Amino acid sequence: YAYGAVIGIGGIFGYIGRGSKESLVFGLFFGMIICWCGLRMKDRGPGVRGYPFAIALLMSSCLFLLSARHVQRTSKVWPIGVVAVMSLAMALRFASHYTIYGDMYEYGI
């Protein structure tokens, strides 16, 4: 939940600080999806095995790519560089959890 909340709050601060509607929309979108995945990961029942991890992996990877491209273009490390590093760390965490528990092989991905 913390990662999704940081992304959502960062989008709100980006809108307040610079007036960036793009930051608000993407921050809230990615934050809500990642928080929703966190809720679903808690319910690790038979029907909820792999898709929350796959969606969270996709969202954090996309967020890493978008923020890393922005850092490369603007050379600003704060705050978007921190978001890039945090997103990469979370993508690696979701990927390792996804493969360790066999979800990737179970679904034939």
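Quantities reported herein were computed from a predicted structural model and do not represent experimental measurements.

Novice: Would you mind going over the packing of aromatic side chains with me for this structure?
Specialist: Any two aromatic rings considered together are summarised by their centre-to-centre distance and by the angle between their planes. Within this structure, the stated rule accounts for two aromatic pairs. Aromatic pair Phe29 and Phe30: ring centres 5.6 Å apart, planes at 75°, arrangement edge-to-face. The structure contains a cluster of three or more aromatic residues connected by ring pairs, namely Phe26, Phe29 and Phe30.

Novice: Teacher, can you tell me more about helix H1 (residues 2-18) here?
Specialist: The α-helix advances 3.6 residues per turn, and as a result positions three or four apart in sequence lie on the same side. Counted at 1.5 Å a residue, the expected span for H1 with its 17 residues is 24 Å, and the 24 Å between its end C-alpha atoms agrees. Of the residues making up H1, those classed as buried are Tyr3, Gly4, Ile7, Gly8, Gly11 and Gly14. Buried residues in H1, looked at end-on, bunch into an arc of 140°, giving them a common side. Those residues of H1 that are exposed and aimed more than 90 degrees away from the buried face are Ala2, Phe13, Ile16 and Gly17. Positive phi shows up at Gly19, right after H1, with a value of about 75°.

Novice: I keep staring at helix H3 (residues 51-74) and nothing clicks. Help me out?
Specialist: With 24 residues, H3 ought to run about 34 Å at 1.5 Å a step, and its terminal C-alpha atoms sit 34 Å apart, in line with that. Among the residues making up H3, those that are buried are Pro52, Phe53, Ala56, Leu57, Met59, Ser60, Leu63 and Ser67. Once H3 finishes, Ser75 follows within two positions and takes phi at roughly 60°, a positive value.

Novice: In this structure, what is going on with the packing of H1 against helix H2 (residues 21-42)? I would like to understand it.
Specialist: In a pair of packed helices, the angle between the axes and the distance between the axes together describe the arrangement. Where H1 meets H2, the axes come as close as 7 Å, and the angle between the chain directions of the two elements is 170°. Between H1 and H2, the crossing angle belongs to the class labelled roughly antiparallel. On H2, the residues that touch Tyr3, Gly4, Ala5, Ile7, Gly8, Gly10, Gly11, Ile12, Gly14, Tyr15 and Arg18 of H1 are Lys21, Ser23, Leu24, Gly27, Leu28, Phe30, Gly31, Ile34 and Cys35. Within the contact of H1 with H2, the residues separate by chemical class into 10 nonpolar, eight polar and two charged.

What counts, and at which threshold
Residues numbered from 1 in each chain as written. Predicted model: local features only at pLDDT ≥ 70, side-chain atom pairs only at ≥ 80, totals over all residues. Heavy atoms only, no water. Phe/Tyr/Trp six-rings, centres within 6.5 Å; stacked < 30°, edge-to-face > 60°. Helix = DSSP H or I, 4+ residues; strand = E, 2+ residues; numbered from the N terminus. Expected span 1.5 Å × (residues − 1). Buried < 20%, exposed > 50% of the residue type's maximum accessible area, 1.4 Å probe, protein only. Arc of directions from axis to C-beta. Axes fitted to C-alpha atoms, helices over the stretch in contact; angles between N-to-C directions. Parallel < 35°, antiparallel > 145°, perpendicular 65-115°, else oblique. Contact = heavy atoms within 4.5 Å. Nonpolar A, V, L, I, M, F, W, Y, C, P; charged D, E, K, R; others polar.

That is the geometry; function is a separate question.
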